Amino acid sequence: MIFASEKRKNTLILLQDGPKDITFLLEQLKTTRTSLLPQLKIMEKHNILSHSGSNYKLTRIGKLLANEAKPFFETLETFDKGNSYLSTHNFDGIPQQFLKRIREIKDFVLIEPDHVDSQKLNAEYLAEALGSEAVYFVFTFMHPGTIPVLQQLLDSNINIYVIDSKELTFKLINEMPDTCQYFLSFDNLRIYSYPKTIGICSLTVTDNGFLLRLLSKNNEFSNKQIICVSPEGREWAKGLYDFYEKDAELITEI
(Lines give C-alpha, C1' and ligand atoms only; values in the text may rest on other atoms or scores of the structure.)
Protein backbone atom coordinates (compact mmCIF):
# COMPACT_ATOMS: atom_id res chain seq x y z
CA MET A 1 0.00 0.00 0.00
CA ILE A 2 1.20 3.52 -0.85
CA PHE A 3 0.51 4.81 2.65
CA ALA A 4 1.68 1.80 4.63
CA SER A 5 4.71 3.98 5.39
CA GLU A 6 4.35 6.63 8.09
CA LYS A 7 6.85 8.83 6.23
CA ARG A 8 4.79 8.75 3.04
CA LYS A 9 1.58 9.39 4.93
CA ASN A 10 3.02 12.34 6.85
CA THR A 11 4.69 13.75 3.75
CA LEU A 12 1.32 13.81 2.03
CA ILE A 13 -0.17 15.83 4.89
CA LEU A 14 2.80 18.21 5.08
CA LEU A 15 2.56 19.00 1.36
CA GLN A 16 -1.18 19.60 1.48
CA ASP A 17 -0.70 23.32 2.17
CA GLY A 18 1.75 23.83 -0.70
CA PRO A 19 5.30 23.07 -1.92
CA LYS A 20 7.95 22.42 0.72
CA ASP A 21 11.74 22.26 0.66
CA ILE A 22 13.24 18.90 1.56
CA THR A 23 14.98 20.53 4.54
CA PHE A 24 11.57 21.42 5.94
CA LEU A 25 10.32 17.87 5.38
CA LEU A 26 13.37 16.37 7.10
CA GLU A 27 12.93 18.64 10.12
CA GLN A 28 9.20 17.98 10.45
CA LEU A 29 9.52 14.23 9.97
CA LYS A 30 12.60 14.03 12.19
CA THR A 31 14.36 11.77 9.73
CA THR A 32 17.42 11.65 7.48
CA ARG A 33 17.79 12.34 3.78
CA THR A 34 18.93 8.74 3.20
CA SER A 35 15.77 7.44 4.86
CA LEU A 36 13.31 9.88 3.25
CA LEU A 37 14.46 10.02 -0.38
CA PRO A 38 13.40 6.43 -1.23
CA GLN A 39 9.90 7.18 0.11
CA LEU A 40 9.66 10.35 -1.98
CA LYS A 41 10.71 8.42 -5.07
CA ILE A 42 7.92 5.89 -4.48
CA MET A 43 5.38 8.71 -4.21
CA GLU A 44 6.78 10.33 -7.36
CA LYS A 45 6.60 7.02 -9.21
CA HIS A 46 2.89 6.82 -8.39
CA ASN A 47 2.31 10.41 -9.56
CA ILE A 48 1.49 11.65 -6.05
CA LEU A 49 4.19 14.30 -5.93
CA SER A 50 6.78 15.96 -8.13
CA HIS A 51 9.91 17.94 -7.43
CA SER A 52 12.04 20.67 -8.86
CA GLY A 53 15.46 20.71 -7.28
CA SER A 54 14.92 20.38 -3.54
CA ASN A 55 11.29 21.57 -3.63
CA TYR A 56 8.48 19.00 -3.52
CA LYS A 57 4.80 19.52 -4.26
CA LEU A 58 1.69 17.41 -4.69
CA THR A 59 0.32 16.59 -8.11
CA ARG A 60 -3.42 16.93 -8.80
CA ILE A 61 -3.81 13.29 -7.81
CA GLY A 62 -1.75 13.91 -4.68
CA LYS A 63 -3.96 16.85 -3.68
CA LEU A 64 -7.06 14.72 -4.16
CA LEU A 65 -5.58 11.97 -1.98
CA ALA A 66 -4.51 14.47 0.69
CA ASN A 67 -7.98 16.03 0.88
CA GLU A 68 -9.55 12.60 1.30
CA ALA A 69 -6.85 11.07 3.49
CA LYS A 70 -6.33 13.77 6.11
CA PRO A 71 -9.74 13.36 7.81
CA PHE A 72 -9.28 9.58 7.73
CA PHE A 73 -5.80 9.74 9.27
CA GLU A 74 -6.99 12.18 11.95
CA THR A 75 -9.90 9.86 12.79
CA LEU A 76 -7.51 6.94 13.16
CA GLU A 77 -5.21 9.03 15.37
CA THR A 78 -8.15 10.05 17.57
CA PHE A 79 -9.27 6.46 18.09
CA ASP A 80 -5.68 5.31 18.57
CA LYS A 81 -5.04 8.01 21.17
CA GLY A 82 -8.19 7.15 23.08
CA ASN A 83 -8.06 3.40 22.61
CA SER A 84 -8.03 2.60 26.34
CA TYR A 85 -11.13 4.75 26.80
CA LEU A 86 -12.94 3.80 23.60
CA SER A 87 -12.51 0.09 24.21
CA THR A 88 -14.07 0.29 27.68
CA HIS A 89 -16.81 2.90 27.19
CA ASN A 90 -20.06 3.04 25.26
CA PHE A 91 -19.91 5.30 22.20
CA ASP A 92 -23.23 3.97 20.87
CA GLY A 93 -25.02 6.90 22.47
CA ILE A 94 -23.22 9.44 20.30
CA PRO A 95 -25.22 10.10 17.11
CA GLN A 96 -23.66 8.83 13.90
CA GLN A 97 -23.11 12.29 12.44
CA PHE A 98 -20.90 13.19 15.41
CA LEU A 99 -19.00 9.91 15.31
CA LYS A 100 -18.12 10.73 11.71
CA ARG A 101 -16.57 13.98 12.97
CA ILE A 102 -14.78 12.38 15.92
CA ARG A 103 -11.43 13.67 14.58
CA GLU A 104 -12.50 17.15 15.69
CA ILE A 105 -11.88 16.18 19.32
CA LYS A 106 -8.39 14.78 18.65
CA ASP A 107 -6.84 17.20 21.17
CA PHE A 108 -8.78 15.72 24.08
CA VAL A 109 -7.22 14.78 27.40
CA LEU A 110 -8.47 11.80 29.40
CA ILE A 111 -8.72 12.32 33.15
CA GLU A 112 -9.71 9.92 35.90
CA PRO A 113 -10.20 11.57 39.30
CA ASP A 114 -8.94 9.43 42.17
CA HIS A 115 -11.25 8.18 44.90
CA VAL A 116 -10.74 11.28 47.04
CA ASP A 117 -11.83 13.59 44.20
CA SER A 118 -14.51 11.33 42.75
CA GLN A 119 -17.31 13.49 44.18
CA LYS A 120 -15.80 16.79 43.02
CA LEU A 121 -16.21 18.47 39.69
CA ASN A 122 -12.93 19.23 37.97
CA ALA A 123 -11.72 22.46 39.60
CA GLU A 124 -9.83 23.73 36.58
CA TYR A 125 -12.79 23.18 34.31
CA LEU A 126 -15.06 24.98 36.74
CA ALA A 127 -12.74 27.98 36.48
CA GLU A 128 -13.05 27.71 32.70
CA ALA A 129 -16.83 27.69 32.97
CA LEU A 130 -16.85 30.73 35.26
CA GLY A 131 -14.94 32.64 32.56
CA SER A 132 -17.51 31.85 29.85
CA GLU A 133 -20.42 33.91 28.59
CA ALA A 134 -22.60 30.81 28.39
CA VAL A 135 -22.37 27.22 29.63
CA TYR A 136 -24.37 24.30 28.24
CA PHE A 137 -25.09 21.10 30.16
CA VAL A 138 -26.57 17.70 29.37
CA PHE A 139 -27.28 15.59 32.46
CA THR A 140 -28.55 12.06 33.02
CA PHE A 141 -27.62 12.02 36.71
CA MET A 142 -27.38 14.53 39.53
CA HIS A 143 -23.78 15.00 40.63
CA PRO A 144 -23.52 16.16 44.27
CA GLY A 145 -21.58 19.21 43.15
CA THR A 146 -24.01 20.28 40.42
CA ILE A 147 -26.24 22.60 42.44
CA PRO A 148 -23.36 24.61 43.99
CA VAL A 149 -21.78 24.94 40.54
CA LEU A 150 -25.04 26.17 39.01
CA GLN A 151 -25.35 28.70 41.82
CA GLN A 152 -21.81 29.99 41.19
CA LEU A 153 -22.55 30.38 37.50
CA LEU A 154 -25.81 32.17 38.21
CA ASP A 155 -24.12 34.50 40.68
CA SER A 156 -21.60 35.37 37.94
CA ASN A 157 -24.45 36.30 35.55
CA ILE A 158 -23.50 33.54 33.10
CA ASN A 159 -26.19 32.25 30.77
CA ILE A 160 -26.88 28.60 31.55
CA TYR A 161 -28.66 25.99 29.44
CA VAL A 162 -29.45 22.61 30.99
CA ILE A 163 -30.92 19.53 29.34
CA ASP A 164 -31.97 16.77 31.73
CA SER A 165 -32.99 13.27 30.75
CA LYS A 166 -36.67 12.52 31.25
CA GLU A 167 -35.80 10.18 34.14
CA LEU A 168 -33.72 12.84 35.87
CA THR A 169 -36.41 15.47 35.30
CA PHE A 170 -38.99 13.24 36.97
CA LYS A 171 -36.67 12.53 39.89
CA LEU A 172 -35.77 16.18 40.49
CA ILE A 173 -39.34 17.46 40.31
CA ASN A 174 -40.59 14.80 42.71
CA GLU A 175 -37.71 14.83 45.18
CA MET A 176 -36.58 18.49 45.04
CA PRO A 177 -39.59 20.57 43.96
CA ASP A 178 -38.57 23.67 45.94
CA THR A 179 -35.05 23.61 44.52
CA CYS A 180 -36.41 23.20 40.99
CA GLN A 181 -38.80 26.11 41.47
CA TYR A 182 -35.96 28.23 42.80
CA PHE A 183 -33.77 27.66 39.75
CA LEU A 184 -36.66 28.23 37.35
CA SER A 185 -36.99 31.76 38.75
CA PHE A 186 -33.69 32.87 37.17
CA ASP A 187 -33.82 34.66 33.81
CA ASN A 188 -30.34 33.48 32.82
CA LEU A 189 -31.13 29.78 33.32
CA ARG A 190 -33.11 27.67 30.86
CA ILE A 191 -33.92 24.06 31.76
CA TYR A 192 -35.09 21.46 29.27
CA SER A 193 -36.29 17.87 29.52
CA TYR A 194 -35.27 15.43 26.78
CA PRO A 195 -38.07 12.92 26.05
CA LYS A 196 -35.90 10.26 24.39
CA THR A 197 -32.91 8.25 25.58
CA ILE A 198 -29.70 10.20 26.12
CA GLY A 199 -26.85 7.83 25.36
CA ILE A 200 -24.11 9.82 27.09
CA CYS A 201 -23.62 10.29 30.81
CA SER A 202 -23.05 14.06 30.87
CA LEU A 203 -21.74 16.93 28.77
CA THR A 204 -20.55 20.41 29.69
CA VAL A 205 -19.75 22.95 26.96
CA THR A 206 -18.01 26.23 27.75
CA ASP A 207 -16.83 29.05 25.48
CA ASN A 208 -13.56 27.25 24.74
CA GLY A 209 -14.16 23.52 25.00
CA PHE A 210 -16.07 20.71 26.63
CA LEU A 211 -16.10 17.96 29.23
CA LEU A 212 -17.72 14.66 28.25
CA ARG A 213 -18.48 11.64 30.40
CA LEU A 214 -19.64 8.39 28.82
CA LEU A 215 -21.11 5.25 30.31
CA SER A 216 -18.92 2.16 30.53
CA LYS A 217 -19.43 -0.71 28.09
CA ASN A 218 -21.93 -2.34 30.46
CA ASN A 219 -23.78 1.00 30.72
CA GLU A 220 -22.65 1.65 34.28
CA PHE A 221 -21.38 4.97 35.62
CA SER A 222 -17.72 5.75 34.89
CA ASN A 223 -15.67 8.46 36.56
CA LYS A 224 -13.35 8.85 33.56
CA GLN A 225 -13.88 12.05 31.60
CA ILE A 226 -12.74 13.56 28.32
CA ILE A 227 -11.73 17.21 28.39
CA CYS A 228 -11.04 19.04 25.14
CA VAL A 229 -10.13 22.71 24.86
CA SER A 230 -9.95 23.65 21.18
CA PRO A 231 -12.16 25.54 18.71
CA GLU A 232 -12.87 22.36 16.70
CA GLY A 233 -13.65 20.36 19.82
CA ARG A 234 -15.93 23.06 21.17
CA GLU A 235 -17.85 23.25 17.89
CA TRP A 236 -18.28 19.46 17.91
CA ALA A 237 -19.61 19.45 21.47
CA LYS A 238 -21.90 22.45 20.97
CA GLY A 239 -23.35 20.66 17.96
CA LEU A 240 -23.99 17.62 20.14
CA TYR A 241 -25.76 19.81 22.71
CA ASP A 242 -27.88 21.39 19.94
CA PHE A 243 -28.77 17.89 18.70
CA TYR A 244 -30.43 17.17 22.04
CA GLU A 245 -31.96 20.62 22.50
CA LYS A 246 -33.91 20.55 19.23
CA ASP A 247 -36.12 17.74 20.60
CA ALA A 248 -36.13 18.87 24.22
CA GLU A 249 -39.02 20.53 26.00
CA LEU A 250 -38.42 23.82 27.80
CA ILE A 251 -39.57 23.66 31.42
CA THR A 252 -41.14 26.90 32.66
CA GLU A 253 -43.01 25.66 35.71
CA ILE A 254 -43.60 22.55 37.82
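If you're wondering where the values come from, they're calculated on a predicted model, not measured in any experiment. (Residues numbered from 1 in each chain as written. Predicted model: local features only at pLDDT ≥ 70, side-chain atom pairs only at ≥ 80, totals over all residues. Heavy atoms only, no water.)

**Observations concerning the environment of K224**
Line of reasoning, step 1. Mapped onto the fold, K224 is located in the loop between β9 (209-213) and β10 (225-229).
Line of reasoning, step 2. Sequence-wise, K224 and L211 are 13 residues apart; in three dimensions their C-alpha atoms are separated by 10 Å. (Helix = DSSP H or I, 4+ residues; strand = E, 2+ residues; numbered from the N terminus.)

**Quick word on the sheet that holds strand β3 (residues 55-58)**
Line of reasoning, step 1. Judged by pairing direction, the sheet is antiparallel, and its three strands sit side by side in the order β1-β3-β2 without closing on themselves. In this open sheet, the two edge strands, each paired with only one partner strand, are β1 (20-21) and β2 (49-52).
Line of reasoning, step 2. Looking at chain direction, β2 and β3 are connected through four bridges and run antiparallel. Along β3, the bridge assignment pairs L49 with L58.
Line of reasoning, step 3. Docked against the sheet, helix α3 (residues 33-45) engages β2 and β3, running at close to 115° with respect to β2. (Pairing = 2+ DSSP bridges. Contact = heavy atoms within 4.5 Å. Axes fitted to C-alpha atoms, helices over the stretch in contact; angles between N-to-C directions.)

**Details of the environment of D107**
Line of reasoning, step 1. Secondary-structure assignment places D107 in the loop between α6 (96-99) and β4 (109-111).
Line of reasoning, step 2. By relative accessible area, which is 45% here, D107 ends up partly exposed. (Buried < 20%, exposed > 50% of the residue type's maximum accessible area, 1.4 Å probe, protein only.)

**What about the side chain of T206?**
Line of reasoning, step 1. Checked against the element boundaries, T206 lands in the loop between β8 (202-205) and β9.
Line of reasoning, step 2. For T206, a relative accessible area of 0% puts it in the buried group.
Line of reasoning, step 3. With residues near it in sequence (within four places) discarded, T206 still touches Y125, E128, A129, S132, A134 and R234.

**Overview of the sheet that holds β9**
Line of reasoning, step 1. Spatially, β4-β10-β9-β8-β5-β6-β7-β11 is the arrangement adopted by the eight strands of the open sheet, whose pairing is mixed. The two strands at the open ends of the sheet, each matched to only one other strand, are β4 and β11 (249-251). If you compare each strand with its neighbour and ignore which way they point, the axes differ by 20° on average.
Line of reasoning, step 2. Here β4 pairs with β10 via three bridges, running antiparallel.

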